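Residue-level listing of the chains:
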Amino acid sequence: MRMKYQFAFFDEGSKREIRRATLKAVAIPGYQVPFASREMPIARGWGTGGLQLTLSLVGKDDRLKVIDQGSDESVNAVNIKELIGKTTGIAITEETGEATLIQSRHRIPEIPLHAGQILVLQVPLPEPLRYFEPSEYETKKLHAEQEYSGAWLMLFEQIMKYGHMSTGADHPVLVHKRYVMAPSPIPRFDNSKLNDSEALILLGAGREKKIYAVPPHTEVVSLDFEDFPFVVEPFQGVSCRLCGARGVYMDEVHDEETGETLYQCNDTSYCLQRLNEKRG
Amino acid sequence: MNLDLVHDLQAVYRKTLASMSCPGLISNIREQAGKLDWETGCFSSTVLLILMLLDTEKRFKVYSEQEEATTWLINQLTYAQATETEQADFVLVLNTARVGDLEEALRRANPGNLLNPHKGATVFVEADALSGENELILCGPGIAGASYISVRTKGSWIEARAAKNFEYPLGVDLIFTDSGDNVLCLPRTTQIARQEVG
């Protein structure tokens, strides 16, 4: 049997709930607004928070881009694109600049976002204090009291153990000088793109039932110490093996035959765009 | 009525979200508001906001000359429950409200608490006119540098809002509408200063 779904899958009541939470999230940057997360036709942990945000936002005139760790064509991105495409009939694009809505798992595109765009990030663990405090009520209290010693201590312990801050991704940030926020598992390389962004950034955690936001032109600072400043992944002297790009986030690829280490752009649509430009 | 409750409310939401994320940005929803032909005692743009955000899970309070009739109508339209200002998730100060109602609504509205600042009320205010004239200077998240607005209302709400939003993140978020179907949002993070003349 072929079911005819409501536009954007959701019933209007669900959209209303998510929209209310989103507006409050924008009004309190970095604060995690609880919401009644819905059951989705994809498993929890596969981007249900981001998907719910996207479905509450999407309209007939939108152009949607979905990326999964920089790729437009990996399983998570393709599934989500198909679900949204089939229940809305909207145009799907791979061009970052063309998209009005971008849902992303763990990357912020290399091409700078512009005003009017909305970036939706999928979040597995929205609570930056969860590492040392398992109780939700306690972490809420810590946020209420702006008591973030634990977040600093986590970074301090990493420095004591490894000699540097070892957050591979999801390095905590301070938003609008008030809330410490998990920026979702984006690489440290992308943290600076959250600061003073032109686009609205919405973050959704379906399993954890939280929505939070970074409005445009909001101060977002990565946590660090005076003597151990925040540093991004180093890609000095490295260029993309396909398009030759430098200064972007790279994937490391090992050639098993030659034993050589090669690099290529993690953002596949950025790489493709450069290759197409080169070809003319 | 040929309002499309799916697509028109989606368009209104996106415009409201744009205004909430960029305080000072005045969005116009005339295209959608023009499709409403109900006699509600509210601006059409306010009715759209009500349909967009209120349902049985939310409580509201109306300040208006026809408070009883409008309250009944909103309840019938959305199943939201009427309550006192202190408990309301949405406080509606309509254009027909008495002088002083806006200040009272802001003074009594729920600012949330430190554990749950999102429980701070959203206040809909029907203004006489909204424009981008240089009367008030806004700064804060969502604003590159500063933005300028002019809000003509019956009351002087700026001091009452500042007093309510004194202890960030506690506070109320304002959504203004006018008869021209303009929408302007002032989240609690926005700082307001008056333009000095001369």
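This text gives an overview of the structure that appears in the document. These numbers come from a predicted model, not from an experiment.

So, how was this worked out
- Residues numbered from 1 in each chain as written.
- Chains lettered and ligands numbered in written order.
- Predicted model: local features only at pLDDT ≥ 70, side-chain atom pairs only at ≥ 80, totals over all residues.
- Heavy atoms only, no water.
- Salt bridge = Lys/Arg side-chain N within 4 Å of Asp/Glu carboxyl O.
- Buried < 20%, exposed > 50% of the residue type's maximum accessible area, 1.4 Å probe, protein only.
- Pairing = 2+ DSSP bridges.
- Helix = DSSP H or I, 4+ residues; strand = E, 2+ residues; numbered from the N terminus.
- Contact = heavy atoms within 4.5 Å.
- Axes fitted to C-alpha atoms, helices over the stretch in contact; angles between N-to-C directions.
- Buried area = accessible area lost by both parts, 1.4 Å probe.
- Nonpolar A, V, L, I, M, F, W, Y, C, P; charged D, E, K, R; others polar.

### Details of the pattern of salt bridges
All names here are of chain A.
(1) Moving on: Counted by the stated rule, this structure contains 31 salt bridges over all chains.
(2) Moving on: Of the charged contacts in the structure, one is a salt bridge between R207 and E208, with a shortest N-O distance of 3.7 Å.
(3) Moving on: When its relative accessible area of 37% is taken as the criterion, R207 is described as partly exposed.
(4) Moving on: On the basis of relative accessibility, which here comes to 31%, the residue E208 falls in the partly exposed class.

### What to know about the sheet that holds strand β8 (residues 173-177) of chain B
All names here are of chain B.
(1) Moving on: Judged by pairing direction, the sheet is mixed, and its seven strands sit side by side in the order β1-β9-β8-β5-β4-β2-β3 without closing on themselves. Both outer strands of the open sheet, β1 (27-28) and β3 (81-82), are each paired with one neighbouring strand and no more.
(2) Moving on: Inspection of the sheet shows strand β2 (residues 59-63) paired to β3 by two bridges, in the parallel sense. Each bridged residue has a counterpart across the sheet, and for R59 the counterpart in β3 is Q81.
(3) Moving on: Against the sheet, helix α3 (residues 44-53) touches β4 (90-93), β5 (122-126) and β8, its axis set at about 160° to β5.
(4) Moving on: In the packing of helix α4 (residues 67-78) onto the sheet, the strands contacted are β2, β3 and β4, and the crossing angle to β2 comes to about 150°.

### Some points on the interface of chain A and chain B
(1) Moving on: On the side of chain B, 39 residues touch chain A, which itself brings 39 residues to the contact.
(2) Moving on: Where chain A abuts chain B, roughly 3200 Å² becomes buried across the two surfaces, and 64% of that area is made up of carbon and sulfur atoms.
(3) Moving on: Ranking the residues of chain A by area buried against chain B places R20(A), L23(A) and K24(A) at the top, with a combined share of 21%.
(4) Moving on: At the junction of chain A with chain B, the criterion picks out five salt bridges.
(5) Moving on: Taking the shortest distance from any N to any O, the salt bridge between K24(A) and D173(B) comes out at 2.7 Å.
(6) Moving on: Counting residues per element, the ones that place at least two in the side of chain A that touches chain B are α1 (12-27), β1 (33-34), α2 (48-57) and α4 (136-144) of chain A.
(7) Moving on: Counted by class, the side of chain A that touches chain B contains 19 nonpolar, eight polar and twelve charged residues.

Honestly, that's just the spatial picture; any functional story needs more than this.
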